[in-house]
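The lines below spell out each chain.
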Amino acid sequence: MIRYTYISLLTLFALLFSSYANAALRIEITGGTEGALPIAVVPFGWQGSGAPPEAVSEIIADDLTRSGRFAALDESQLVARPHFGNEVKFKTWRFLKVENLVIGNVRRTGPQQFEVRFQLFDIFKGEQLAGYTIPSTATGLRRTAHQISDIIYEALTGEKGAFTTRIAYVTADGANKNRTYFLNVSDADGFNEQTILRSREPLLSPSWAPDGRQLAYVSFEAGTSQIYMQDVFRGSRKLIASFKGLNSAPAWAPDGSRLAMTLSKDGNAEIYLFDVATRNLKRMTFNRAIDTEAAWAPDGKSLIFTSDRGGKPHIYRLFVNAAGQRGQLKRLTFEGRYNARASFSPDGKLITFVHSVNGDYRIATQDLKTGNVQVLTETSLDESPSFAPNGSMIIYATNENNKGVLAAVSVDGRVHQRLLIKNKDVREPAWSPFEKRNAKGAN
Amino acid sequence: MRKINLLLVLVMPLVLLLGCETPGDAAKGSDGKGGGAKVEDRSGASASGAKGGGAFSGHPLDDPDSPLANRVIYFDFDSSAISDAARDTIAAHAAYLTNNPGASVVLEGHCDERGTREYNIALGERRSNAVAQLMKLQGGNSNQMNSISYGEERPAATGHDESSWALNRRVEVIYKSR
């Protein structure tokens, strides 16, 4: 018995170590796990020779815990280790006071082929809430695990999970003349980091196309700001704006046909719409103040942007029709002396932005209906907030021990996470939209 | 002749100071027809210093005692207003550009790290435009100046307090040709 525990701990450690070794970015929950719902995720069975290429059940347990909504039980607390539905004895689980149980099995079906089967149970009702068999591959197993997390999350919360989405961010490495900037894309849990651009000059403002396949961004590689768009998976890219002066703050419209961007070609920082197909430009703001950092409402019918036309930077909203004609203009923020870089929640009800409180720059949300402002962070140099596509979390950049780090906070301000990337300055996170659904595994 | 030129360079700032005007609104740039802004590299016109008499023998831009030696203009937080002290520096450079039509500068606008990156890029441009505007008012030609903003991306000091921030809110005057 003692020996068994010892071995399983060693195995656990090995698994943990191997998975962390692959992660460029590590996510720590730094607060707010109090109300999390306990859930039992039993290590999945394995049918195949050698070790399974990924610890699927561990990825699922980590995903669920990271959401802040769930707390996966520690392996030592599991009272049984069933892999199949007929092995589950609900009575033995009931006294753990855990409502839900996840079991499953991974089977090798070919040299690189696998089949992942899982079941989610309501322990008290003694019934299955979800169950799927999903074909996968050696390199696709992490993604399959995230899909399972999405299914479990949606079955239990009624909201779509965002575990299969990605984040884009910029890292900087090296000092002074050796400084190098990287534009990276990773899974939402920080794994599979891939650098899609490196440059000796600053990179910033990655913006996802609504298809989740392209990024627009600002690059100084030519010694001045320019806007590019790049296919994330193929690597091919196009220069789309290189006018005299600023070319910055690209923001893809929800239908993908246009980008809002900031240009100063007419002498001052103004917002323009760029038509992707025709490359036509339409000027949207006409004010001697700074107008920048445009973001679209999810319905594509209005833009919010930062302007200091009132003396200090604040958030304004401009309605725009499909033909690009300007409608009503409205100031949205009045609290505080500095409100900037706003973006909408996926349901369009909230905006998140950088808000100064007594000289500290923090992440806040404002309810568009009530005007209520909620400050979500307590740090001092927070910037670049971006909603998860399911609206549950906001990812942002901040500073810790003189280093740029990414952090995330739940929309209610309860759950706080730190996303650690080894030895690099990290900034400018942007959470991808949901992937357009391709055929999911068979039921 | 060279002596006279040097004298002019040294005296002009004083003359210009007397007629100093307040800067207007941000410069109305020329229309951009696309294509990155490039600095024309005009080589030539490298004058050598006056022989004897002058305390410094060398190029006026290399004279550590000249107001031209000062190549950085500092700003207050979220401001592009030019201080009185900075006006002397700008006047000296404007005079040099006036007397050396072949000379050109890049005006690099920078910000401290507070606030958002994109707003700071725009603020950095407003700072460099404010400097360019004043230089033009004092005789520099707009084709001798090129504004670029790096926002908070290239700090001069890397601390996270006011002493670093003050050094980072700046416009750097960088000579591309003399």
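Being a predicted model, the structure only gives us computed values, none of them experimental.

**Digging into the overall build of chain B**
So, step 1. Along its length, chain B carries four helices and four strands.
So, step 2. Beginning at the N terminus, the succession of helices and strands in chain B can be written as α-β-α-β-α-β-α-β.
So, step 3. Per-residue burial for chain B yields a buried fraction of 48% across its 178 residues.
So, step 4. Nonlocal contacts in chain B, meaning residues at least 24 apart in sequence, comprise 76% of its contacts between residues at least 6 apart.

**Here's the deal with the domain arrangement of chain A**
All names here are of chain A.
So, step 1. Its domain assignment divides chain A into domain 1 (2-25 + 166-431) and domain 2 (34-161).
So, step 2. Contacts between domain 1 and domain 2 engage 17 residues on the former and 17 residues on the latter.
So, step 3. Interface area, domain 1 with domain 2, both sides summed: about 1,200 Å², of which 41% is carbon and sulfur.
So, step 4. Summed over the shared surface of domain 1 and domain 2, the number is five residue pairs in polar contact (both at pLDDT 80 or more).
So, step 5. When residues of the side of domain 1 that touches domain 2 are assigned to their parent elements, the largest contribution, five residues, is made by helix H1 (residues 2-22).
So, step 6. Of the residues contributing to the side of domain 1 that touches domain 2, the split by class is eight nonpolar, five polar and four charged.

**Side note on the sheet that holds strand S12 (residues 214-219) of chain A**
Within a beta sheet, neighbouring strands are joined by backbone hydrogen bonds and run either parallel or antiparallel to one another.
Residue and element names in this part refer to chain A.
So, step 1. Read from one edge of the open sheet, four strands run S11-S12-S13-S14, paired in antiparallel fashion. Each edge of the open sheet carries a strand with a single partner, namely strand S11 (203-208) and strand S14 (237-241). Along the sheet, successive strands turn relative to each other by an average axial angle of 25 degrees, direction set aside.
So, step 2. Across six bridges, the pairing between S12 and strand S13 (residues 226-231) is antiparallel. Residue pairing across strands places Val-218 opposite Ile-227, the latter belonging to S13.

**Some points on the confidence of the model for chain B**
So, step 1. Summarising the model, chain B shows a mean pLDDT of 78, and 69% of its residues fall at 70 or more.
So, step 2. Both scores are given for the predicted complex: the pTM is 0.84, the ipTM 0.88.

**A look at the sheet that holds strand S10 (residues 194-199) of chain A**
Residue and element names in this part refer to chain A.
So, step 1. With antiparallel pairing, the four strands of this open sheet are ordered in space as S10-S9-S8-S31. Pairing within the sheet leaves two strands with one partner each, and these edge strands are S10 and strand S31 (425-431). Averaged over all adjacent pairs, the angle separating strand axes in this sheet is 20 degrees, with direction ignored.
So, step 2. The sheet contact formed by strand S8 (residues 166-173) and strand S9 (residues 180-187) spans eight bridges and is antiparallel. What sits directly across from Ile-167, in S9, is Ser-186.

**Brief notes about the nonpolar core**
So, step 1. Judged by nonpolar contacts, the single largest core of 40 residues is most densely connected at Ile240(A), Leu259(A), Met261(A) and Ile394(A).
So, step 2. Considering each element in turn, this core owes the most residues, four residues, to helix H3 (residues 117-137) of chain B.
So, step 3. Beyond its immediate sequence surroundings of up to four residues, Leu259(A) is in contact with Ala216(A), Met229(A), Ile240(A), Pro250(A), Ala251(A), Trp252(A), Tyr272(A), Leu273(A), Phe274(A) and Val276(A).

About the cut-offs
- Residues numbered from 1 in each chain as written.
- Chains lettered and ligands numbered in written order.
- Predicted model: local features only at pLDDT ≥ 70, side-chain atom pairs only at ≥ 80, totals over all residues.
- Heavy atoms only, no water.
- Helix = DSSP H or I, 4+ residues; strand = E, 2+ residues; numbered from the N terminus.
- Buried < 20%, exposed > 50% of the residue type's maximum accessible area, 1.4 Å probe, protein only.
- Contact = heavy atoms within 4.5 Å.
- Domains from an automatic or database assignment.
- Buried area = accessible area lost by both parts, 1.4 Å probe.
- Polar contact = N/O pair within 3.5 Å; in protein donor to acceptor, adjacent residues only side chain to side chain.
- Nonpolar A, V, L, I, M, F, W, Y, C, P; charged D, E, K, R; others polar.
- Pairing = 2+ DSSP bridges.
- Axes fitted to C-alpha atoms, helices over the stretch in contact; angles between N-to-C directions.
- pLDDT = per-residue confidence, 0-100.
- Core = buried A, V, L, I, M, F, W, Y, C linked by side-chain atoms within 4.5 Å.

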